[in-house]
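What follows is the residue order along each chain.
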Amino acid sequence: MLQRTTILSLLCAAFACIWASPVLAQRKPDPARIEPPRLEEPNIELWAEAYEQFQAPEILVLCGWSSGVHQTSPGQTSLFNMDQTGVTVQLRNAFIEVINDPSVDAWIVDENTVRDAVRRLDTALLNNSAAAASRLLANEVQANLLITIELLDRKPSGFPNRVQFKAVDVTTGRTLTTFPFEWKLADDVASIKVYGRQIARKFIEDIAGRAINPPTYNLRIFGMGADARLPKLIKDAIEEIPGVTGRIRPRTSSGEVNPRTGVNQSLTRYAVKFLGDYTDLSYSVTESLGAIDDVYVVHLPSGGQEINLEVFHVVDAKDLPKEVEETFQGCLDLILFEGELGDLQRTRIFDLYEKQDSPSIAV
């Protein structure tokens, strides 16, 4: 019985050895190699077109660490200070390297100008929220486009866990694009360059989309009923303004309060798509409408995406309301008319000049 048990044990041991041998063992196949996704390169031609369509703005790029706390709290960001690890400096440089391609010739505020402005503003930056301080700095360096790259949740390696990107039109305060992303690549210099280029690629695509679909401004004009020819003349003049895209359709409404008089008055609305900011469109519309014969244009309180104007059909200053006539006669309007009305304006300018003993004029 003992001998039989021993034989069985030997047989089991031999079978186990054979089964475990390399020949018979069932090994799982090696997993297929997963290739990293192919990263798209930024489209520089697209960026060049979009940059020109946005009228070549001056760009301020800020990159720094944020605590991630509510951004109305002052002093909670270091967007204006390049950190010692060099991550923010390298990420900013990698981004700028793309958008500052020689073929585009973009206007970007350099680091020395930013540092000088920070020193001048000093406590004004610390006493404002991150967003307000950034806009304050942008105005100081006369930038039209503000780009902020905020790094959040610092790792022990000195790299971020998350990044928040934002581009803002400084003039209007309009956010052009914003997006977050997680730092999933390695914490090294190569990854910084990759992320810098990919941020630029996403920014270019979003900005180009804005250029294709420009912002819509609400142009409200009072006084159109004074002359039957005005609606078509004004519509044609607006459509010829550089930067205005597509056809515009006037819509007349009644019962709107005129900001100048406080009285309900009919007005005509125009939805105008314009590749540019509020100030450029406001000036261009005033200039274009003022060039129409016998039309006098008065700016009314406006703001945001809305421009309010009042037009008068005039042959002489007596055709204007008293308060408007005073401005007209005081020669405060810089738009001179053609024809007899323009001659009248020039005569008054000369009369005023002589009454002041023909002073020297500095322009």
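J.: Break down helix 4 (residues 111-121) for me, with residues and values.
T.: Listed as buried for helix 4 are Val114, Ala117, Val118 and Leu121. Taken end-on, helix 4 shows its buried residues confined to a sector of 105°, consistent with a single buried face. Turned more than 90 degrees off the buried face of helix 4, the exposed positions are Asn112, Arg119 and Arg120. Close packing links the buried residues of helix 4 with strand 1 (58-65), helix 5 (123-126) and helix 6 (130-140). Near the N-terminus of helix 4, the side chain that reaches the backbone nitrogen of asparagine 112, with its oxygen 3.0 Å away, is that of aspartate 110.

J.: Run through the packing of aromatic side chains, naming residues and quoting values.
T.: All told, the structure shown has 10 aromatic pairs when counted by the stated rule. Summarising the aromatic geometry, the rings of phenylalanine 165 and phenylalanine 179 are spaced 4.8 Å apart at their centres and angled 20° between planes, so their arrangement reads as stacked. With phenylalanine 165 in strand 4 (residues 160-169) and phenylalanine 179 in strand 5 (residues 175-182), the pair connects residues that are 14 residues apart, well separated along the chain. Its relative accessible area of 0% is what places phenylalanine 165 among the buried residues. Centroid distance phenylalanine 181 to tyrosine 195: 5.1 Å. Interplanar angle 25°. Geometry classified as stacked. Taken together, the residues phenylalanine 181 in strand 5 and tyrosine 195 in helix 7 (residues 189-212) connect sequence positions 14 residues apart.

J.: Any details on the pattern of salt bridges? Residues and values, ideally.
T.: It is possible for side chains bearing opposite charge to pair when their charged atoms get close. Going through the model one piece at a time under the given rule, you end up with 16 salt bridges. The shortest N-O distance in the salt bridge between aspartate 116 and arginine 119 comes to 2.3 Å. Here aspartate 116 pairs with arginine 119, and both are found in helix 4, just three residues apart, close to one helical turn. What makes aspartate 116 partly exposed here is its relative accessible area of 33%. Residue glutamate 140 is joined to arginine 120 by a salt bridge in which the shortest nitrogen-to-oxygen separation is 2.9 Å. With glutamate 140 in helix 6 and arginine 120 in helix 4, this pair connects stretches of sequence that are 20 residues apart.

J.: How would you summarise the environment of alanine 143 if you had to cite specific residues and measurements?
T.: Summarising the element assignment, alanine 143 is placed in the loop between helix 6 and strand 3 (145-154). Between the C-alpha atom of alanine 143 and that of isoleucine 108, which follows or precedes it by 35 residues, the distance is 8.4 Å. If sequence neighbours within four positions are ignored, alanine 143 has contacts with Glu58, Ile59, Leu60, Val109, Ala138 and Val170.

J.: Describe the environment of arginine 260, with residues and values.
T.: Mapped onto the elements of the fold, arginine 260 is located in the loop between strand 8 (250-257) and strand 9 (264-274). Using a relative accessible area of 24% as the deciding quantity, one classes arginine 260 as partly exposed. Residues arginine 260 and valine 298, 38 residues apart in the sequence, show an inter-C-alpha distance of 9.5 Å.

J.: Hey, could you go over the packing of helix 2 (residues 44-53) against helix 7 for me, with residue numbers and the actual values?
T.: Contact geometry of helix 2 with helix 7 gives a least axis separation of 9 Å together with a crossing angle of 45°. With respect to each other, helix 2 and helix 7 are oriented oblique. Note that helix 2 runs across helix 7; the crossing there is left-handed. Contacts from Leu46, Trp47, Ala50 and Gln53 in helix 2 reach Phe203, Ile204, Ile207, Ala208 and Ala211 in helix 7.

About the cut-offs
- Residues numbered from 1 in each chain as written.
- Predicted model: local features only at pLDDT ≥ 70, side-chain atom pairs only at ≥ 80, totals over all residues.
- Heavy atoms only, no water.
- Buried < 20%, exposed > 50% of the residue type's maximum accessible area, 1.4 Å probe, protein only.
- Helix = DSSP H or I, 4+ residues; strand = E, 2+ residues; numbered from the N terminus.
- Arc of directions from axis to C-beta.
- Contact = heavy atoms within 4.5 Å.
- Polar contact = N/O pair within 3.5 Å; in protein donor to acceptor, adjacent residues only side chain to side chain.
- Phe/Tyr/Trp six-rings, centres within 6.5 Å; stacked < 30°, edge-to-face > 60°.
- Salt bridge = Lys/Arg side-chain N within 4 Å of Asp/Glu carboxyl O.
- Axes fitted to C-alpha atoms, helices over the stretch in contact; angles between N-to-C directions.
- Parallel < 35°, antiparallel > 145°, perpendicular 65-115°, else oblique.
- Left-handed = near helix turned anticlockwise from the far one by under 90°.

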